[in-house]
Amino acid sequence: FPVTIYKSLKKINEGEIIFYMDSSDTFLPTLGSFLEKHFFSNDLLICQMGKSPNKNYTRRDTFYYMRCDSKKYWEAIQLEAGIIGVKKNNHTIKLMEEYLKFCSDPKIIKGGKNFCGLPNFPTFIDHRYDQSVLTNLKTKYRISPSLTISDHVECNMWEALNQWEENETERSDFTRKLSRIKIS
């Protein structure tokens, strides 16, 4: 999806906003007002929804070939790349070009065996591809992520429904939340 974001950004006018959200996520009625407030004083919306260090979900090659192979990148809290907002300006276009460049490099983006000769960290669980790249860029440029976007979206709706299939109370609560969403 970095390609989609970049191409869309090139088509809009300066100051307009591209907002990307994974198809399994749903927005709550408060999302519009949150985005309006956020973009009044910010050019970028990136989201931190967990507390896992980047090294747990990033192959060593990604750190190495992005020139981010140091403790500040390893220990950075990994972002959730399924929700991104970008206000078009010269700075964000350059950032998205860099994001796309790194996501287009197989040594950085692909999973599997490392080529740099260094092992993954002992705590490594799985590679998160574009999410790992975005986390390294966030750390490199000291970009502050949103910690409150989760108040305005339901993430991984279909996964949550499958997990809650056996729990009637949680399923009913989730269904009530979904029924409050109005799309206009």
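Residues numbered from 1 in each chain as written. Predicted model: local features only at pLDDT ≥ 70, side-chain atom pairs only at ≥ 80, totals over all residues. Heavy atoms only, no water.

**Student:** So what's going on with the environment of Arg-60? Residues and values would help.
**Tutor:** On the secondary structure map, Arg-60 appears in helix α3 (residues 60-65). Counting along the chain gives 58 residues from Arg-60 to Leu-118, while the straight-line C-alpha distance between them is 6.6 Å. Excluding residues within four positions of it along the chain, Arg-60 makes contact with Asp-69, Trp-74, Asn-114, Cys-116, Leu-118, Pro-119, Asn-120 and Phe-121. (Helix = DSSP H or I, 4+ residues; strand = E, 2+ residues; numbered from the N terminus. Contact = heavy atoms within 4.5 Å.)

**Student:** Now, about the pairing of strand β4 (residues 80-87): what can you tell me, with residues and values included?
**Tutor:** Across the 8 residues of β4, 7 count as buried, placing the element largely inside the fold. Note that strand β1 (residues 17-21) and β4 share 5 bridges and pair antiparallel. By the bridge assignment, Met-21 is partnered in β4 with Ile-83. (Buried < 20%, exposed > 50% of the residue type's maximum accessible area, 1.4 Å probe, protein only. Pairing = 2+ DSSP bridges.)

**Student:** An account of the sheet that holds β4 is requested, with residue identities and associated values reported.
**Tutor:** To summarise the sheet geometry, strands pair through backbone hydrogen bonds and adopt either a parallel or an antiparallel arrangement. Here we have 3 strands laid out as an open sheet, ordered β1-β4-β3, and antiparallel in their pairing. Only two strands of the sheet have a single partner each, and these edge strands are β1 and β3 (44-47). Averaged over all pairs of adjacent strands, the angle between strand axes in this sheet comes to 10 degrees, irrespective of strand direction. Contacting β3 and β4, helix α5 (residues 90-103) runs over the sheet at an angle of about 150 degrees to β4. Packing of helix α7 (residues 130-140) onto the sheet brings it into contact with β3 and β4, and relative to β4 it is tilted by some 55 degrees. (Axes fitted to C-alpha atoms, helices over the stretch in contact; angles between N-to-C directions.)

**Student:** Can you lay out the packing of helix α1 (residues 2-11) against α5 for me, pointing to particular residues and giving the numbers?
**Tutor:** For the pair α1 and α5, interaxial distance at closest approach is 9 Å and the crossing angle is 150 degrees. In terms of orientation, α1 lies roughly antiparallel with respect to α5. Taken as a pair, α1 and α5 cross one another with a handedness that is left-handed. When α1 is examined against α5, the residues Pro-2, Val-3, Ile-5, Tyr-6, Leu-9 and Lys-10 are found in contact with a partner set consisting of Thr-92, Ile-93, Met-96, Glu-97, Tyr-99, Leu-100 and Cys-103. A class-by-class count of the residues in the contact of α1 with α5 yields 10 nonpolar, 1 polar and 2 charged. (Parallel < 35°, antiparallel > 145°, perpendicular 65-115°, else oblique. Left-handed = near helix turned anticlockwise from the far one by under 90°. Nonpolar A, V, L, I, M, F, W, Y, C, P; charged D, E, K, R; others polar.)

**Student:** Outline the side chain of Lys-87, listing residues and values.
**Tutor:** Position of Lys-87 relative to the elements: it lies in strand β4. For the buried Lys-87, no salt bridge is present, and the opposite-charge side chain at shortest range is Asp-43, 4.1 Å distant. A distance of 2.6 Å separates the side chain of Lys-87 from the backbone oxygen of Phe-39, its partner in a polar contact. Sequence-distant contacts of Lys-87, that is, excluding residues within four places in its chain, are made with Gly-15, Glu-16, Ile-17, Phe-39, Phe-40, Asn-42, Asp-43 and Thr-92. (Lys, Arg positive; Asp, Glu negative; His and termini not counted. Salt bridge = Lys/Arg side-chain N within 4 Å of Asp/Glu carboxyl O. Polar contact = N/O pair within 3.5 Å; in protein donor to acceptor, adjacent residues only side chain to side chain.)

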